[in-house]
Each structure stands twice: as C-alpha cells, then as structure tokens.
Amino acid sequence: MLKSKVNVLALLISASLLAACGDSTTNIVEKDPIPVEDDHDHETGAGRLVISDKDSTMLRVYNLEDGDLLGQFSSLSNASALYASASQRFAMVVQRESDKVEFIDGGLYQEDHGDHLHPYEEEPRLMSLQLSESRPTHVTTTDEQIAIFFDGNVATSSVAKVAVLNDDQINTGSNDYPVLTYSTHMHGAAQARGEMLVSTIRDAATASTLPDQVGVYHVHGDHFHLEQEFALRCPGLHGSAQNKDYVSFGCTDGVMLLKQDGETFTASKVAHTADFTGTMRIGTLEGVEDAPHFIGFAGATVFSVNPVAGSLNKVDWQGATGANIIGYGFADHGEKFVLLDSTGALSILNYNAAAATGAAFALANKVQITTADLTTMPTGSQLQLAISAADDKVYVADPLSKTVSTIDLEEAKVIEKQELGFTPHKMVWVGIPAGHDDH
Amino acid sequence: MGRKTLLASLIAASLSGQVWAQSVQGTVVDEQGQPVAEAWVTVVGQNKKVKTDAAGRFEFQALQGNHTELHIEANSFAHRNFQLELPAQDMQFALTPTALEIIDVKASPFHASSTESALPVSVLAGDRLKMNQQSTLGDTLKNEVGVHSNFYGSVASSPIIRGLDGPRVLITQNGLDAGDASRVGPDHSVSAEASTASQIEVLRGPATLFYGSGAIGGVVNVVDDRIPTEQVTKGEWMLQRESVNNEKLASGSAQTFVGQTGLYADVFWRDNDDYRIPGEAEVHHDDEDHDHEEGASGKVANTAATAKGFSLGSSYLLENGFVGVSFGQLKREYGIPGHSHGGHAHEDEEQAEESVYADLKQDRVQFLSELDLDLPWLQKLNSRIAYTDYQHVEVEEGLVGTTFKNQSEEARFELLHPVISDWRGGVSLQYKHSDFEAIGAEAFTPPSSTEMLAVALMEERHFGPVLVQLGARTEQVAINAADVLLPPLAAHSHDEDAHDHGPDHDHGAEFIRVFDVEHKFKPYSLSAGAFWDFTEGYNLGVSVSRSERAPSAAELLSFGPHIGTASYEIGALFSLNDDPHAEQAIVLNRQPIEMEVANNLDLTFRKISGDLGLVLNAFYNKVDNYYYQQNTGLFAEDGHNHDHAEEEGHDHSGELPVYLFVAEDVILHGFESQLVWQIAQPYRFTVQADYIRARLDRGGDLPRTPPLRLSSELAYEGDQISADLRLTRYFKQDRISELESATAGYNLLDASVSYHLSGALQDIVLYVKGENLTDEEARVHTSFLKDKTPLPGRSLGLGIRGQF
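Residues numbered from 1 in each chain as written. Chains lettered and ligands numbered in written order. Predicted model: local features only at pLDDT ≥ 70, side-chain atom pairs only at ≥ 80, totals over all residues.

(A) Expanded view of the overall build of chain B. Across its full length, chain B carries 5 helices and 42 strands. Classification of the 804 residues of chain B by burial places 50% in the buried group. For chain B, the proportion of contacts with a sequence separation of at least 24, taken over those separated by at least 6, is 65%. (Helix = DSSP H or I, 4+ residues; strand = E, 2+ residues; numbered from the N terminus. Buried ≥ 20, exposed ≤ 12 C-beta atoms within 10 Å, placed from the backbone. Contact = placed C-beta atoms within 7 Å.)

(B) Spotlight on the overall build of chain A. Helix and strand counts for chain A come out as 2 helices and 36 strands. The buried share of chain A, taken over its 439 residues, is 44%. Here the analysis covers contacts within chain A between residues at least 6 apart in sequence; of these, 48% occur between residues at least 24 apart.

(C) Quick peek at unusual backbone geometry. Residue and element names in this part refer to chain B. Here the bond from Leu-86 into Pro-87 is cis, since omega is -5°, no more than 30 degrees from zero. Mapped onto the secondary structure, Pro-87 falls in the loop between β6 (80–85) and β7 (88–94). Despite not being glycine, Asn-174 shows a phi value in the positive range, around 50°. Structurally, Asn-174 can be placed in the loop between β11 (169–173) and β12 (176–177). Positive phi, close to 50°, is recorded for Asn-246, a residue that is not glycine. Within the element layout of this structure, Asn-246 appears in the loop between β15 (234–242) and β16 (248–258).

(D) Structural view of the pairing of β6(B). Residues and elements named next belong to chain B. Relative to β6, strand β5 (residues 67–73) is paired through 6 bridges, and the arrangement is antiparallel. For Glu-69, the partnering residue across the bridge sits in β6 and is Gln-83. Here β5 hands over to β6 after 6 residues, with Ser-76 in that stretch at a positive phi of 60°. (Pairing = 2+ DSSP bridges.)

(E) Inspection of the confidence of the model for chain A at higher detail. Residue and element names in this part refer to chain A. Looking at chain A as a whole, its pLDDT mean stands at 87, while 90% of the residues score no less than 70. Here residues 1–18 is modelled with pLDDT under 50, and outside its nearest four sequence neighbours on either side it reaches 22 contacts, counting other chains as well. pLDDT under 50 marks residues 38–42. Its contacts with residues more than four places away, or in other chains, come to 14 contacts. (pLDDT = per-residue confidence, 0-100.)

(F) Spatial organisation of the sheet that holds strand β3 (residues 48–53) of chain A. Residues and elements named next belong to chain A. Strands sit in the order β5-β4-β3-β36 across an open sheet of 4 strands; the sheet is antiparallel. At either margin of the open sheet sits one strand with a lone partner, and together these are β5 (69–74) and β36 (424–430). When the angles between neighbouring strand axes are averaged without regard to direction, this sheet yields 20°. Pairing geometry for strand β4 (residues 58–63) and β5, over 5 bridges, is antiparallel. Across the sheet, residue Val-61 finds its bridge partner in β5, namely Gly-71. (Axes fitted to C-alpha atoms, helices over the stretch in contact; angles between N-to-C directions.)

(G) Broad picture of the environment of A:Lys426. Residue and element names in this part refer to chain A. Assignment of secondary structure puts Lys-426 in strand β36. A count of 22 C-beta atoms within 10 Å places Lys-426 in the buried class. Residues Lys-426 and Ile-51, spaced 375 residues apart in sequence, show a C-alpha to C-alpha distance of 5.7 Å. Apart from residues lying up to four places away in sequence, Lys-426 is in contact with Ser-52, Ala-79, Ala-81, Leu-82 and Gln-384.

(H) Fine view of the sheet that holds strand β30 (residues 345–351) of chain A. Residue and element names in this part refer to chain A. Strands sit in the order β28-β29-β30-β31 across an open sheet of 4 strands; the sheet is antiparallel. Both edges of this open sheet fall to β28 (325–331) and β31 (361–368), since each of them pairs with a single strand only. If you compare each strand with its neighbour and ignore which way they point, the axes differ by 20° on average. Relative to β31, β30 runs antiparallel, the two sharing 7 bridges. Among the inter-strand pairings, Asn-350 is bridged to a residue of β31, identified as Ala-362.

(I) Spatial organisation of the pairing of strand β21 (residues 380–396) of chain B. All names here are of chain B. Relative to β21, strand β20 (residues 356–372) is paired through 17 bridges, and the arrangement is antiparallel. Bridged to Ser-369 within β21 is Ser-383. Pairing of β21 with strand β22 (residues 399–420) involves 17 bridges; the strand directions are antiparallel. Residue pairing in the sheet places Val-393 in a bridge with Thr-403 of β22.

(J) A look at the environment of B:Ile336. Residues and elements named next belong to chain B. One can find Ile-336 in the loop between β19 (321–335) and β20. Residues Ile-336 and Glu-394, spaced 58 residues apart in sequence, show a C-alpha to C-alpha distance of 8.6 Å. The residues contacting Ile-336, other than those within four sequence positions of it, are Val-155, Asp-187, Asn-302, Val-356, Tyr-357, Ala-358 and Glu-394.

(K) Broad picture of the confidence of the model for chain B. All names here are of chain B. The share of residues in chain B with pLDDT of 70 or more is 88%, and the mean pLDDT across the chain is 85. When the criterion is pLDDT under 50, residues 286–296 qualifies, and its contacts beyond four places in sequence or with other chains add up to 15 contacts. Scoring the predicted complex yields pTM 0.66 and, for the interface, ipTM 0.77.

In structure tokens, the structure reads:
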C-alpha cells in the first residue's frame, strides 16, 4: 500500500517553480519524495485486538486507534486459547480439541533497518502455517521464541510434543522448526531458552498426566537431545515461567527453580511457607525477562517468588471472597501486574523489581469492570483480559454485555467501552511493543 | 578656511606629500587653560596619532594638504574636532569636561563614539564591563540603554536592540560574525566571552551598510585584544564568585611584545549550578491542568553551566600598522531549562523533567590587519578574515538529540582613499559564507549554505559644524538548500472535542516531499546621516536609511519542532493550505519571497559638556515584509519519545503550537534617553529610560517586545573606593500579541562596592556586588521561557581583579 502510493507520486514530481519579485528570485525543484521513515520506534500506535467468537469460528481484528474492524477470519474450529507470538505480531489460535494451531497476522510489526526500527502497518491476514499435533495446550513465549506444548492423547496413543518456533517461521510458513517428541503423553510445560529448551518429563508408568521431573534439551536440527535431567523432583508439576536467569515450575510441594549459568542449569526448590494450608499449591506461574520476581497463583492466593532469595511471599491483593483469578499478566512495560477476577474486578499492582525483601507487588488500585451479575455468564464463558505491550492500557472483553472495555492503568478507570455485536470468547492484544528503554 | 576646487584637491591628493608638507604644533588645555596630559591627538583621515606630554604639548610634521582636521580626546573630556589652516604653530586647543563616558567604537571604519555619530552607539568597557559581565551576552548588556536581554534561564541570552534580535541583530567578535547558531534559537548560546573582552559595542539601528543583511536591527561587537595592535605589555585577571548559582569565574589575559612581534593570550573558566529564585519556577495558566511537582520553588532546574576557552594571538607590528593572526577556542556545556518533553509526571519520580543539555565547541581563526599605505589612491587598507568552526549538540538522557553545525568564512576589506575635496571614506568589500547544518530530533532547519558578496561605499565630510555621512551598499545573497523537506504534518486544531478518541494520525500521508531550493537576493542599503555641532557642547544627529534584508535560511526553510521556542516552526517557503479540510495543512508557498525593507529615521540630541550630560534618541522604523512567526492555531507533534502520546484524551503534552513565518509590514518606534549628572566630584547620578512600541501596520502588537524601562544609578568614585547603587523599574508589558500573556512589572535593585589598591606591580580591585537585592520575583517579557524561568533571586558576588 505504501509502495503504490509512492509510485503514483513519483509520476507527479519534478515540477519546477520559479517565483521572482524585484531583486529576489526563488527557484524550487521538487525531487523524489521519500517515504516517511518514522524513526520513533516507540510511536507505534495503540495496537490491535484479535477476538474470537463464542458462537462461531470467526476471529475478528480490531484497530485500537479508532475501534474499526480491520478483518475477520474463520479458523478451522473454535479457539481454546489465543496467544500473542514472540514479537506480538501474530495471534496464535490454539484449537486444543481439534489438534490445531493457526496464526493470524495482526498487521503491525517493525523491521530492523539498522539505525532504526521501521514500523509497518498492514491489513491483518490469516497465515498459511498450521501446526497439527495432538492437544496443543500450554504456549509460552519469550521475546524471540514460542514453545507450544502438545499434550498428546492417551485415547489416540498420541505422544506429547513441543514445537519451538519463531515469528519468522510463522511469517514464511516454514516447517523447519525443531520439535521435541516424547514417548508418552503428558500435560506438560516447556520454556524455550535459545538453543536450549527446558521441558517437563513424565514417568510413563505413573497414572497422573502431570509430569514430575524437568530436563534440559538442546536443539539438533529438527529435534532435541536431552542434555541434563534433574534428580530434584517436582511432584504434580503444573505451571511454568521464565525470566532472564531462572525457569520456574509449580510443584505440589513448592516452586522448583532452575538457574541458568551458560549452558548449565542448577535446580533448587522453594518450599511452601506457613501461608500454604491444606492442599494449596502453586499451579500457575508468570514471569517476564526483565522482572526478577515470578508471580504464582495457588487458587486465588497470590505469591511472589523471589528466586534469588529463594523466598515465597503472599501478595495481598484483597480479592473478594470466592473470587477466582481469570486473567493476569505484567502490564505497563513491566511496571505493573494486573489481576482480573471472576467478580469483574481488575486489581492493579505496582511492581517493585528492586524489592529484595518485603512486597514486590503492592495493590495500587481496583477497577470494577462491570457491575452485572456475572453468575449469569453462559457456560464456558468468562471475562477475558488482554494486555497492551505498547502502553499502559488493558482490555477486558465481557461476553455478557458483548463489549470490550479499555482500562487506563494510570488513571485506574475504564476510559472507553466498545460494542462488539457478538459474544466474545478469547481475546489477545497484538501490535508493536514499546521499547524497554524509552520509558 | 579656503575652499579648494575639486580639481585642485585631486591634484593635491595625487602629488607626493612633501610638496605640501606642513606642520602643526600646539597645546591641549582644559577650560581653565591648564594643560591636559595624555590626550590623544589624531589627524583625521591621515592615520597620524600622538599623545600630549605632561605640558599638554604635541606636534605633527609633514602633513598633507594646507588645511587639516584634528580629533582630540582625553579622559573625562568631550571629544572634539578642530579644523585649521597649515602651518599652525603655538595653537591652544581647549577641551570641555563631560559627565558622559566616551569610548571610541572599533566596529566602524569611521571615527565614532557615543557622543559623535549620527546613529546611536554605546560602549561597555573598563570597570563597567568587568562589573556587568555575565556568562551570557544578552545578560551582560541588559543594563545598556536601548538593549534588553531575551533571558533564557541564564544559560543563554541574546541582546535585543530596540525590540529586535535573532537574524536582525548581528553579533560580531572583533568586527566579524561570531559564527555560531545563536541567531536561530534563543536556547543557543552566543559564542563570545565577556570576561576577556576589552569592550563591547552596541550599534542601535540599521547597520547594514557596514555589516549587511544581518545587521538591520543593530550590531553588537565584542572586542578583545587577541591581535595586538601596539607594543605594550599589559595584563588583567579576575576571580569572582556569585551566590545565587555558585558561579565561579576565573579569567585572565596578557599581552606583550618581542621586538616587533606582539603576543597575546587569554583564558577563562566559569562554572555554575542551578540558580536560586524567590518563588516557584513555573507559572500555571488557568487553561492547563498539569500537576507539575518539579522545581516547586527554590531553584530553576537544569540551569547549570560550565564554560572554558582560550585565545592566542600574535601580530607583526609595523611602522604603519599591523598584521596579525589569532586562534580561539570556546567550550561550553549548559543545561537547557524548560525542556520538559511533555512531562510524564510520574508521581513517584523526582526527575519528572528530563535533563537536557547542550555541549558547544567553537574554533575560530582570525586574521586582522590595518595598514597605512599612503598611496595616492589608497590611504589605508583594513583587512579582516575569519574562519569559524562551530558545533553544538543537544544531549537528552545521555543521547545526542540534535547537532547544530556552522562552518563559516568571512573576509572584509576596507579600502580608504586619501582625503578628496574634504571627503573621507572608502570602499568596503565583504564576503561571507556559511554552511549550516542541523541533524537530529530537533533539526527544524534543513542543511543550507548562505553566501554573501557585498560592496559598499562610505563617505563623510565636514561642512562647517556639520558632518555629513553618506553610504550605499549592494549585496548578493544566495541561499542554497538541496534537501528542503515538506513532511506530512499531522497538525490539527484543538477546537474539536479533545476526547473523541480521534484518529489524528494521518496514516494516509506517508511521504515527505523534497525540494531543491535556491534563493537569490540582491538587497541594497542607502543611508544618509548628519551630525551637527550646533553650539559648543551640544550636537544633533539625524540619520535616515533604507535597508534591505534577505530573510535567513531559518526563516525560509524551517520545518520542525523547535523546543527552544516551544513551537513547531515552519519557514516562509511554506504556507497554510487555503482549503481547511484538506489533508495537508501546510503546502508550498507559491507567492514570491520578498526582502525585508526597513526605512529608519533616527534623531539624536546630545548635551556633552558640563556637569550635566544628556543623550536623547528617538527612532521611527517602518519595516515592510517583516518576517515573524504567526501562530497558525494548529498543533503538531514535537517528535519526541512519548510512549503514551497517541492515547485517547490526547493530553497535548507531546504537541507544539505551529508557527509559520510570514511577512507583514510593521512599525517600530521608541526612544532612549540617558542623563548623567556629575553632582559633585565623586558623585554621579545617571537616569536612563527606554521604550519601544512594535506593532503590525494592520493592527496588533509583535510578541516579546521589551517593556518601558526606567533606571537610576548613583555612583561614587573616590580614589580608593567606588560604589554604585542602581534601581531599575521594568514596567508591565500588556501590549502583547495573540496568545501571549501580559507580564507584570518589577524592580531590580543592584549595588556594588569596589576597593582599589594601587601597587608597584599591579592595580588590584576588591569588590562586592549585589544583584536583585530585594529578592524580587521577576519574569522577563522578552524571554521565551517567561513562564518557566524567572530571573535569579538575590545574589551576592565577591571578586578580585588585577591589572598591570
């Protein structure tokens, strides 16, 4: 689109203008115009939302600048989850029940032009690449890589697999990404670390589909070799996250940590504290590269995990009784953490990365997204949270009111609500993340 | 006095001097007939100069012609000219005392001083210069009559002469363009240092005749001795500390000679912190709801500066003049206050204001020569050549944001002919070339080169008590810019609902138009002045001139955000799109670019001699096609890192008002007056006032016009102790342009006491000075940062300086 405009204009150039008045002359010759080289790699717009439809296989892409619907695509089946790709250009449409992953190009991306990152703004499109393996479930990403864990299926004797790919491969539709193939099925978790992959190991002899061990794999062409296996067990492993130096896993008896030092990993475990009662365990973990802390959920109880200190600290987010956490993530360039719960409240926590002891996450605000009776929510539906990586906005889709609310985290309020005209199911933000250093 | 025919005088001039050799011998005396020692006596037009001895005597031999004119000057006497027939023996030349300080101007090839010129001039020199010197030029000169400072948070300032500055006031160093970037932005420092200067001259009113287009409003010439012109050994040094910003200053200069070679060196160093103020730095107007916490009171952030420099010079001192060359380097690092890019006021962060600073470096090579050739057709040749390499970078958060470069060469030759029919004068040839470049986020002007070639003729002649000065100049100015950009301007007006989540991101315009622009101008200037000694001790000056100015590259070609002026500047090469609904708000201007034409009338009345001195100037200046920045009512992005800039409820923090250079007819008129009363010998009382009215011919006022100002000063000058007390009243300015706010008046009380110690080796002065003693909160109407940086609060300075 950009190119064709410039070409049309190129035909119009070279009009010469000569104006004179007395002893003044001005001679102007128009030269080839130059396309706008916006070298402000952070002025990248508000981004876009990809929203799936509860009642159909339709996925719609909205422009957050003006709320316009930019495109709609039909996936092969209903999405069980939507994830953003490593660069957040693509939406990954995970269809667990039909063993598929499809990709939608959000249309916003940037290219490294040496001295600057050049932003592009294009129409969204459905990509040709499809991943067809059994039960794609947990998808984890870093800034560069995506690890998709295919659980496998005991019923069809399908084994678990992990595909590790990047955005270039999605863009070119390349199938040459490496795959780790297990000999059994498992509800596992994997974290890509460049040429290394930290992934779970399940003893096929056990009854549980949950793994209890972790291994480090190294890529060899189109497959992986196990390089390191840890004796330290992680019973009932569920939930994983990584940051710059650590990979963490949730176990029934604590949080297992792998510290990376070059190509070697050292395992340790942070045991449960007195805050854990009964069968409480951390089953969900979240982390980002630049945040030294992880955050873990034991049901509706939230803990911050300090891997350096080896400590677990309860985060007082003042959730309402009976509230379940249904959406979460780091927001506002990692300065905040947001929690969306089943009562329709969005809790905004300030994240203090420097906190060695004490509260790394402190409740700053709560925003009530909706006052409707959420118990009337249709089965299988819940509020959906999408977090912008471009700015300090988050979005909440409400299947009841069929709206998307825009929440400004700075102001801690809903600043806009847009009608969708369909029942939203899953939602993800795509676009150009703001640089880390310009804030 | 006999009149010669033109023919006879031509013969006289073409014949050798001896044929008409004549002499004059006499004594200079005061009113009481007492001899005046150490008075300089000059033969006008013949480059002969002697000093009177202890008995007031002097003598000239072998003068040309059979009548001549002598100019005699001595300390605390009014300068006087005497015309006499030759030979003349045992003459008495009586001088009358004056209360006025009279110092010759070096910027002009003709003899001129504050009491002897058709156009008003003033000179800041000696102790007064040392006591008034500041780190920036505008602030140094702000107490001169008719001169205001455009005060830029004390880190930069330019003198405003009769309401004009920027491209209309030329800043020169030893008569040649300072070659910096100060003419294109108020936040750009003038690269001339006052602490090592010997004098600073201000020419008020059009001086295009000598200096060209850039001097239509006046000239400020910073003079130092970097190229020695005489065989003397002298030196001075200075140490000073100011309390308001902890400024520490050390400077010194020395001059000597070895045989016929003169040598000179100077060095200076200054360093200051943020300056203190009595109240809050920022003024909040009602229409803004920023909750700025920064700089609540106490200090103006980001106004620290450090500077250092040196110059070295050497000259060959001849019987008939000198030839010399010098090298000077100046480095300065200074904060740029008020540079909050949109102010993401994170409540939990102290440094809401980004720290932006400029890092300036200038190298300058100068060649100066004055030679008395005494050729039949060439009496004297003055040559001035300079090469200047200037650069300053603006650094934001440790990264270079914008780099400004100016490489310039200038050469000026004055060829003065021998006296022809009593006419003195000559031809001036001038060439100037400048390559200007700005690269980076605030590069609001494209790279351009400006070339100027000029020839001027200046003549003066006495008709009895009337000195008539005539001048004409023609110039060729070429401005070339190969890549003038017309970017798509996502400008919008703020009239609409600001909260409509508006798509003000014009993604349709995805190209920048590029033009190769060539401007050629042929400005000419004519001036006529008369200076009449109508009665003893009084004179009257009249000057009329018509001057043309080619607009500068910045006025023509700019297109971009300029944080120094907090505006988005667009040059006159562009114009507003007539179609308000068009996608592009700004288009190429298809109207001819016209030159600015100033028609100036200047009247000066002076009472020179006696205990009461008085100088009154009145001027009326009608300027056609005056280029100024008109507010378009549009806003454009400032091109900075605003991660949040494009969110809803756009808070305008990352936006700047769009100003477009347009040419309109304006009228400037006003007056300056100075009264000096020598009450009794050690006590002198000075009252000064100046006023300027700057208005558009079609109605309306120009922005940042200096207010009416009145100052009075009582000075005591004893043998050992001197002191002064000055009270200046700046009246309120409510003649304002659109979108400008009125500024309240204020009083400044300054005082100083000096103690003089005369030693065998050197004279030493210890001094204390106090500025703004009442700690008044003062906002400078002429400042672009009026609402952000008030004047410094009370300051005490302590210093010592020596002279040998």
